[in-house]
Every structure is written in structure tokens, then in C-alpha cells.
Number of protein chains: 6
Amino acid sequence: MKISARNQLKGTVKEVKLGAIMAEILVELATGEELVSVITRNSAVSLDLKVGDTVAAVIKSTEVMIGKE
Amino acid sequence: MKISARNQLKGTVKEVKLGAIMAEILVELATGEELVSVITRNSAVSLDLKVGDTVAAVIKSTEVMIGKE
Amino acid sequence: MKISARNQLKGTVKEVKLGAIMAEILVELATGEELVSVITRNSAVSLDLKVGDTVAAVIKSTEVMIGKE
Amino acid sequence: MKISARNQLKGTVKEVKLGAIMAEILVELATGEELVSVITRNSAVSLDLKVGDTVAAVIKSTEVMIGKE
Amino acid sequence: MKISARNQLKGTVKEVKLGAIMAEILVELATGEELVSVITRNSAVSLDLKVGDTVAAVIKSTEVMIGKE
Amino acid sequence: MKISARNQLKGTVKEVKLGAIMAEILVELATGEELVSVITRNSAVSLDLKVGDTVAAVIKSTEVMIGKE
């Protein structure tokens, strides 16, 4: 399925932290920068996310803000 | 001001498209990957965004989904 | 690609309205209820969305509120 | 109060999972499809959500993505 | 209908700007601070929003970030 | 860093509740109205948020809905 959220950044899972309801996923991008994703525990489990997995961080463009010094 | 949204990806503005209400900002990240941000026209104007600007794409972690092949 | 956003409601595209930056997509669900999606114009064009297309309305669970009478 | 979020899908609460901060609410829609909502624990408690409640899943249109095979 | 989004800030509509797809609503809060809301044009029209209207700015708590000097 | 999210409401931290993954921050605005923010535990810790802190509640305009009686 192709999805309208065009922001899809390739990376590797560095950490998977499962809480009761939510889960925090740390993804290292090709630049070495880290991206934090918060999804539900059930989503993390159903995707069977593990350290070392190749994933995409998917972000709807209306959720991306811009910061400028 | 330090902000709770820890996802702050460095990049360069490639394109600024202003509509009546919204604006689409294309940011090239250090990897060469492109990120699309949609903010209001007024925000883009008040940040005086121009092609070539160094910016950060700022994303709250609850807005980041994970995709896995 | 499997995505962490587990809310994926099947429907048929009823209307595609393209603006300069954004696009409004009207999706009729199996119940006959209508769902409105706002994505970027570029996303709508790159998905080649047309009336009659079978699609999924994809929604991250942190974006779903609950209303109760 | 009428709210600008026009996506309001009728359903029945199937499950309420309360965590320390967040809560996961499983809603069965008229089609039998399931929708997952994540709200705060306090919101779930203040709405006194229980299995069997008739509710609406309320979603702002800018949060709805489109997927197409 | 009571909604799970508990952030509901009272204010007065100062400006309604209608675009082709989106609309920008400027709300003055009791403190005199201004809040900008972006909803769809159709939502603004269906709520018949006009300058001077008493409204509530409704925000899901997962969408509120914190900034600290 | 100036950020595109122009909604920045001044307030004082009333409560900080830390969960395993998420944190709930209660902010009292100048009007006495309360605003609830849900961010990650790590964000709350890295901002060293404490009761009595002066903060800004930062909200992207596409996340603000309007309610009208």
C-alpha cells in the first residue's frame, strides 16, 4: 500500500522501550541523527520491532514544523 | 527556548511554496533525503524562509510512525 | 511496507478537491459514513487519486479522540 | 458544543485499557471494523468510558492519511 | 457531546480567513493572547464562524508541546 | 531557535506526572485556565520540568480545533 505521508526516512532501530500502553522507538538515521517515535505498545509488538531492524520513520507533512536560528 | 519536541533534523530549504493559507517547505537533509513540511503561510513569512536557509525540521515524537517491510 | 498506524478504514473516494498546497479527499466508508482527509496536493497527485478509487483512511491512534453523549 | 472536527464515526466501546498516563480505547464501528484511540487516562476516567458505551471516534481531517494499493 | 480533548480555551474570533481548502481562524483568549487555528474551509463554513463569535479552542493534549527558557 | 508553531501560551507548571514512556504536564495559564500537555518522559526529564517553572505551551495551528455552542 502506498501512503500519502511522503516523509519516509530510512533508519535502523536502536532501542525499543515498551510501556503498558505506549512504546518509544529510537531510530538512527543514515546521518547518525536519532529520531524518536512514540507508537502504541500493540503496534510495536505487531510490527515485531527489534534492535537492528531496518525501518522507515513515516511522518505526515502537516506534523513537521520548521525552526530557524 | 528549549522545546520538548526532541526530533530536530538539520537541513537546507530547497523550496518554499506559499498558498493563501498554507505553505509547503521542502527541506533537504544531510543524507540528501527530502522532508516536506506544511505550515501556515503566516509562519513561513514570519520566519522569512528562503531557499538556502539552514533550518531544523522539528517533529513531536507522537507524530512519528514506523514502517517495516 | 507495514505501518504502525493500525487504523486503516476501507472506503471509496467520493471527491477529490485540489488546492494550491492542500487537497481535500472525501472517502465513503462501508457504512455509508463519510470521512474527510486533508493531505498535500502533491500527495494526492502522486497517489493519482480519482473518484471511485478503493482506498484506506489511515489514522494514527494518538490522533483519535472519543466523544460521548 | 459543535466542533470543527467533522469526522465523527459512531461505534461501541469494546475495550478500555488504562495505563499510568495514557489509555487505549478499542471502538467497534458499525462495519465491524475496529478503531484504536489513545487518549489520556484522565480523559478516559472523566468520560467514564466503559465497555458497551456508544461513542463517536472524532478525528481532525488533517490527521487522516490515504493509502492506495 | 463531551469530548476527550480536555483542553478547551475560551476566546473570541478576531479573524476568519477562508482559502480554497483550508481556513485560518484567529482567536483572542481572555488574556489577550492570540491563538491561530487551521481547520478546513468546509468546517469554518459549517460552523458559520464570524468575527465576534464566542468559541473554544479545542486541543488534544498529545498535540501540546512544552517550551522552557 | 524561532519555531513555525506560533501558538505559544505562557503559563506555570502545576503538576508533572511521569509514566514509563509518557509524561503529563499540567500548565496554568495567565487566565487561571489549565492546559494539559502529554510529552515523552525523556522530554520532561531533559527539560528538567518542575512545579513552578515558567513555560510556554507550544501548539501547531493545524492541531487546534474550534468548538462553538
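Refer to the structure above for everything that follows.
Predicted, not measured: the structure shown is a model, and the values here were computed from it. (Residues numbered from 1 in each chain as written. Chains lettered and ligands numbered in written order. Predicted model: local features only at pLDDT ≥ 70, side-chain atom pairs only at ≥ 80, totals over all residues. Heavy atoms only, no water.)

## Thoughts on the relation of the copies chain B and chain A
Part 1: Superposing chain B onto chain A takes a rotation of 180° plus a shift of 0.0 Å along the axis, which leaves an RMSD of 0.0 Å. Taken together, the rotation and translation relating the two chain copies correspond to the operation of a two-fold axis.
Part 2: In this assembly, 100% of the residues forming the interface of chain B have copies in chain A that are likewise at the interface, indicating an isologous arrangement. (Least-squares fit on C-alpha atoms with pLDDT ≥ 70 in both. Contact = heavy atoms within 4.5 Å.)

## Section: the relation of the copies chain A and chain F
Part 1: Rotating chain A by 120° and moving it 0.0 Å along the rotation axis overlays it on chain F with an RMSD of 0.0 Å. Put plainly, the chains are arranged around a three-fold axis. Using C-alpha coordinates, one finds that chain A approaches the rotation axis most closely at T62(A), a distance of 4.1 Å.
Part 2: Residue by residue, only 20% of the interface of chain A is reproduced at the interface of chain F, so the copies engage with different surfaces.

## Focus on the interface of chain A and chain F
Part 1: In this assembly, 15 residues from chain A lie in contact with 13 residues from chain F.
Part 2: In total, about 1,100 Å² of surface goes out of reach between chain A and chain F, with carbon and sulfur atoms giving 59% of it.
Part 3: Inspection of the region where chain A meets chain F yields zero salt bridges.
Part 4: On inspection of chain A and its partner chain F, the count reaches six residue pairs in polar contact (both at pLDDT 80 or more).
Part 5: Ranked by residues supplied to the side of chain A that touches chain F, first place goes to strand β6 (residues 65-68) of chain A with four residues.
Part 6: Looking at the side of chain A that touches chain F, its residues break down into seven nonpolar, three polar and five charged.
Part 7: Of the pairings in the sheet, the one linking β6(A) to strand β1 (residues 2-3) of chain F comprises two bridges and is antiparallel in character. Its bridge partner being in β1(F), K68(A) is matched across the sheet by K2(F). (Buried area = accessible area lost by both parts, 1.4 Å probe. Salt bridge = Lys/Arg side-chain N within 4 Å of Asp/Glu carboxyl O. Polar contact = N/O pair within 3.5 Å; in protein donor to acceptor, adjacent residues only side chain to side chain. Helix = DSSP H or I, 4+ residues; strand = E, 2+ residues; numbered from the N terminus. Nonpolar A, V, L, I, M, F, W, Y, C, P; charged D, E, K, R; others polar. Pairing = 2+ DSSP bridges.)

## A word on the sheet that holds strand β4 (residues 34-40) of chain B
Part 1: Taken together, the six strands give an open sheet; going across it, the order is β4(B)-β3(B)-β2(B)-β5(B)-β6(A)-β1(F), and neighbouring strands pair in antiparallel fashion. The outermost strands of the open sheet, each flanked by one partner alone, are β4 of chain B together with β1 of chain F.

## Considerations on the interface of chain B and chain A
Part 1: Counting residues at the interface gives 38 residues for chain B and 38 residues for chain A.
Part 2: A combined buried area of about 3,200 Å² lies between chain B and chain A, and 61% of that area is made up of carbon and sulfur atoms.
Part 3: When the buried area of chain B at its contact with chain A is split by residue, M65(B), I66(B) and K68(B) rank highest and sum to 21% of it.
Part 4: In this assembly, chain B and chain A are joined by four salt bridges.

## A look at the environment of K14(A)
Residue and element names in this part refer to chain A.
Part 1: By the element assignment, K14 lies in strand β2 (residues 7-18).
Part 2: For K14, a relative accessible area of 40% corresponds to the partly exposed category.
Part 3: Sequence-wise, K14 and V51 are 37 residues apart; in three dimensions their C-alpha atoms are separated by 5.2 Å.
Part 4: Setting aside chain neighbours within four positions, we find K14 in contact with L26, E28 and V51. (Buried < 20%, exposed > 50% of the residue type's maximum accessible area, 1.4 Å probe, protein only.)

## Digging into unusual backbone geometry
Part 1: For D48(C), which is not a glycine, the phi torsion comes out positive at approximately 50°.
Part 2: Within the secondary structure, D48(C) is located in the loop between α1 (41-46) and β5 (54-59).

## Concerning the pairing of strand β3 (residues 22-29) of chain E
All names here are of chain E.
Part 1: Buried residues dominate β3, accounting for seven of its eight residues.
Part 2: The antiparallel hairpin formed by strand β2 (residues 7-18) and β3 contains three residues in its connecting segment.
Part 3: Direction of pairing for β3 relative to strand β4 (residues 34-40): antiparallel, over a ladder of seven bridges. Along β4, the bridge assignment pairs V27 with L35.
Part 4: Between the end of β3 and the start of β4, which pair antiparallel, lie four residues, with G32 showing a positive phi angle near 95°.

## What about the sheet that holds strand β5 (residues 54-59) of chain A?
Part 1: Taken together, the six strands give an open sheet; going across it, the order is β4(A)-β3(A)-β2(A)-β5(A)-β6(B)-β1(C), and neighbouring strands pair in antiparallel fashion. Looking at which strands have only one partner, the edges of the open sheet turn out to be β4 (34-40) of chain A together with β1 (2-3) of chain C.

## Comments concerning empty space enclosed by the protein
Part 1: What the rule picks out here adds up to nine cavities of 30 Å³ or more.
Part 2: Empty space within the largest cavity amounts to approximately 80 Å³.
Part 3: Around the largest cavity, the lining is made up of 13 residues, and of these S43(B), S4(F), A5(F), K60(F) and S61(F) lie nearest the centre.
Part 4: Along the lines of polarity and charge, the residues of the lining of the largest cavity split into five nonpolar, six polar and two charged. (1 Å grid on protein atoms, 1.4 Å probe; cavity = no way out; pocket = protein on both sides within 12 Å on 5 of 7 lines; lining within 4 Å. Points joined across faces, edges and corners; volume = space filled by probe spheres on them.)

## With respect to the pairing of β5(A)
Part 1: Burial analysis of β5(A) places five of its six residues in the buried class, which makes it a mostly covered element.
Part 2: Here β2(A) runs beside β5(A); their pairing, made up of six bridges, is antiparallel. Looking across to β5(A), one finds that Q8(A) is bridged to V58(A).
Part 3: Two strands pair when backbone bridges link them, and β5(A) and strand β6 (residues 65-68) of chain B are joined in this way by three bridges, in the antiparallel orientation. Looking at β6(B), one finds that A56(A) is bridged to G67(B).

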